Amino acid sequence: MYKPVPPRPKKTDIVRSRNGCKSCRERKTKCDEQRPTCGTCRRLGKTCEIIRPEFKFRMVTGPTAGDEPCTATPSEELQPRHTSEQRSLSFTPINIDIIQSLQHVERDVFYSTYWEDSCLPALHPLFHWTSRLAAQHPILNDAILALSSCNLSRQHAERRTSSINSMGPFSPSLVHQTRSQLYYSSAIKRFTALNELDYQQNATIVLAVLILFAYVESSMGNFHGFNCHVEGITRLLFELPEASNDSMINALLTSWMQVRYVVWWARAYFSSIDVHQQLPSIHLPRSLTGNSPHERRVTVLSIMCESHRISCQSILEHWSRSMGPENPSLDVNDQEYKRCCFLLNEEGKRLNEWLGSLPPSEQPIYTDAVRHIGECDDSTPAIYFQTHDAALSFAYYVVARIMQGTGILRNLHTRDPEDLGHECCEEEPWVRMLLQIAKGVDMRTSLTRNNYTIGFSGLLLAALLRCQNPALCREIQNWLQHLQDLQPTEEGAFPVYQTLGVVKAINQQRVMGRDIFAVTQPLDDGGGTPKLTSYNSQSIDILLFHGKSHVSGQLFTDFVCIDRPDNMIERFDPS
């Protein structure tokens, strides 16, 4: 008889654990499988998670005569229907369509999470409502994801392989930008498929989608695309006259008007002198009464932009006449001067009403610094607010006051030598206050929360053109330099490095005894091209600086090369 077969020798002494814990498996160590906590997790103070074999079941419908086999997916109703021929071609043991679908869903979840964490805080609270409705309206979901991925692309800069001076050394994230364009294209395709009944039954959803489209175009600096949405929203609102008393429509209108002022401001910097003088007024809808913080913000934005328009157009009129082919008298008649002062005074009354209705929670904490504005000096501490939004809204109020100053206009009209070199004396205390507010805000917060409104970089550039104090001018440049050191992209739709380059050129002119009061382009470029691969829509190499000699008071218009370290100057020849 045969003896029993001897036991098979082991190749290794390792005993594999089938029911070990997750922590030990990740550490690739032997788990002693003690319960409720293994020895390793007890020693390391970690949570012991048991890994057990997992069984998954799926229901497969058997094929009938003439039908091809197919598998059912949980999101079947959201996917396009396939023909039996397509199903037979795509059916494999590992269905590629399911894998791609899962990847797409994960991508949507990723951008939806970013939308809630990073985009919504910078938008009107109403957009929380749109997020809840996104699952029911695919067009709204696509618009949200388009703006979310667009924001992410612009917040994550990538260094260029080949840098061009006018475009800067950084570009937005190409991956996120590409996905944004795909979401945007999908939303546009869905929008073009809407019919008249969709507009009537879902007017609020349609308006919200159009405003999200406008935000995308504004972020990309696409003025042509933005104007298309302006026309579309205008027609939609015209067909809904009863919506004036709808609180939801008013909330959407508030967001809509804010982005319109953002684009208006961006178009003003940098355009030609002719375009700047033709920029239209953007009137605030009467239904926006300023009862909420966001309505108060858009109200003061309207006052600031209108004051800027009136003041700059009147000031540029002097240089425009000097550049004309006939070169007539540089004097503006008394009637034009009085009309400008009257209009600025009317805006000042609106601003007083706005300040009077401002609740204490949105006013500066350092009220003494506000009351004694004329006594401020370099040692004055920063002005703080309870929220970033309150600080930015009050900064708009301060810039509106700067734009309503008439010292420059008065001197250009009267040519009084006693005012020479001190034309901005009434605006400079407000410029200092703007710097105090900027000093009190967190710069990183400005880079994220000012995406869809006018940021401090654009405000400080406007203030610099109403300032003759060298110390204040240097402070503005230093603040922008600190901002660029944090993240060399954009703040409030303004490219930081490009704004800083213009500010440096203006300050260099001031050192030479030349006060700059306006900056324009020699030839208008329509706002440039969309910012798909850059942080600026305009390739600015040369600008026209309009100013006065600090000593003689003589007006001049010079070409200034922005990218050159010496800012080479060339005198403009009207002929």
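Cut-offs used in this document
- Residues numbered from 1 in each chain as written.
- Predicted model: local features only at pLDDT ≥ 70, side-chain atom pairs only at ≥ 80, totals over all residues.
- Heavy atoms only, no water.
- Helix = DSSP H or I, 4+ residues; strand = E, 2+ residues; numbered from the N terminus.
- Buried < 20%, exposed > 50% of the residue type's maximum accessible area, 1.4 Å probe, protein only.
- Polar contact = N/O pair within 3.5 Å; in protein donor to acceptor, adjacent residues only side chain to side chain.
- Salt bridge = Lys/Arg side-chain N within 4 Å of Asp/Glu carboxyl O.
- Pairing = 2+ DSSP bridges.
- UniProt positions renumbered as here; feature names shortened; annotations may be inferred.
- Phe/Tyr/Trp six-rings, centres within 6.5 Å; stacked < 30°, edge-to-face > 60°.
- Lys NZ or Arg CZ within 6 Å of the ring centre and 35° of its normal.

An unreviewed UniProt entry lists the protein under the name Zn(2)-C6 fungal-type domain-containing protein, from Aspergillus ibericus CBS 121593.

Draft legend 1. How the structure looks around the side chain of Thr130. Structurally, Thr130 is set in helix H5 (residues 127-133). Classification of Thr130 as buried rests on a relative accessible area of 0%. In this structure the side chain of Thr130 is engaged in a polar contact, spanning 2.6 Å, whose partner is the backbone oxygen of Phe127.

Draft legend 2. Looking closely at helix H17 (residues 407-414). Of all 8 residues that make up H17, 6 are buried, and the element is covered over most of its length. Among the residues making up H17, those that are buried are Gly407, Ile408, Leu409, Asn411, Leu412 and His413. Looking one or two residues past H17, Arg415 carries a phi angle of roughly 55 degrees, positive in sign.

Draft legend 3. Region of interest: the pattern of salt bridges. Inspection of every chain in the model, using the stated rule, returns 15 salt bridges. Salt-bridge contacts for Asp334 lead to Lys338; the nearest nitrogen and oxygen are separated by 3.2 Å. Taken as a pair, Asp334 and Lys338 lie in helix H14 (residues 334-356) at a separation of 4 residues, close to a single helical turn. Judged by its relative accessible area of 37%, Asp334 is partly exposed. Taking relative accessible area as the criterion, Lys338 reaches 54% and is therefore assigned exposed. Here the salt bridges share partners, and the residues they tie into one network are Arg154, Glu490 and Lys531.

Draft legend 4. Representation of the pairing of strand E5 (residues 514-520). Here E5 lies mainly inside the structure; 7 of its 7 residues are buried. Sheet analysis places E5 next to strand E6 (residues 542-549), joined by 6 bridges and oriented antiparallel. Bridge assignment links Ala518 to a residue of E6, and that residue is His546.

Draft legend 5. Molecular detail of the UniProt feature "domain: Zn(2)-C6 fungal-type" (unreviewed entry) in the protein. As annotated by UniProt and renumbered to match this structure, "domain: Zn(2)-C6 fungal-type" (unreviewed entry) occupies residues 20-50. The distance from the first to the last C-alpha atom of residues 20-50 is 6 Å, and the span holds 39% helix and 0% strand.

Draft legend 6. Representation of helix H20 (residues 456-464). Counting buried positions along H20 gives 9 out of 9 residues, so the element sits mostly inside the fold. Considered for burial, the residues of H20 that qualify are Phe456, Ser457, Gly458, Leu459, Leu460, Leu461, Ala462, Ala463 and Leu464.

Draft legend 7. Representation of the packing of aromatic side chains in the model. Per the counting criterion, the structure on display carries 16 aromatic pairs. With a centroid separation of 5.8 Å and 40 degrees between ring planes, the pair formed by Trp265 and Tyr269 is classed as tilted. Among the residues examined, Trp265 registers a relative accessible area of 0% and is labelled buried. Judged by its relative accessible area of 8%, Tyr269 falls in the buried class. When the centroid spacing of 5.5 Å and the interplanar angle of 45 degrees are considered together, the rings of Phe385 and Phe394 count as tilted. On the accessibility criterion, Phe394 (3% relative accessible area) is buried. Linked through ring pairs, Trp354, Phe385, Phe394, Tyr397 and Trp430 together constitute an aromatic cluster. Over the aromatic face of Phe556 sits the side chain of Arg514, whose NZ or CZ is 3.9 Å from the ring centroid.

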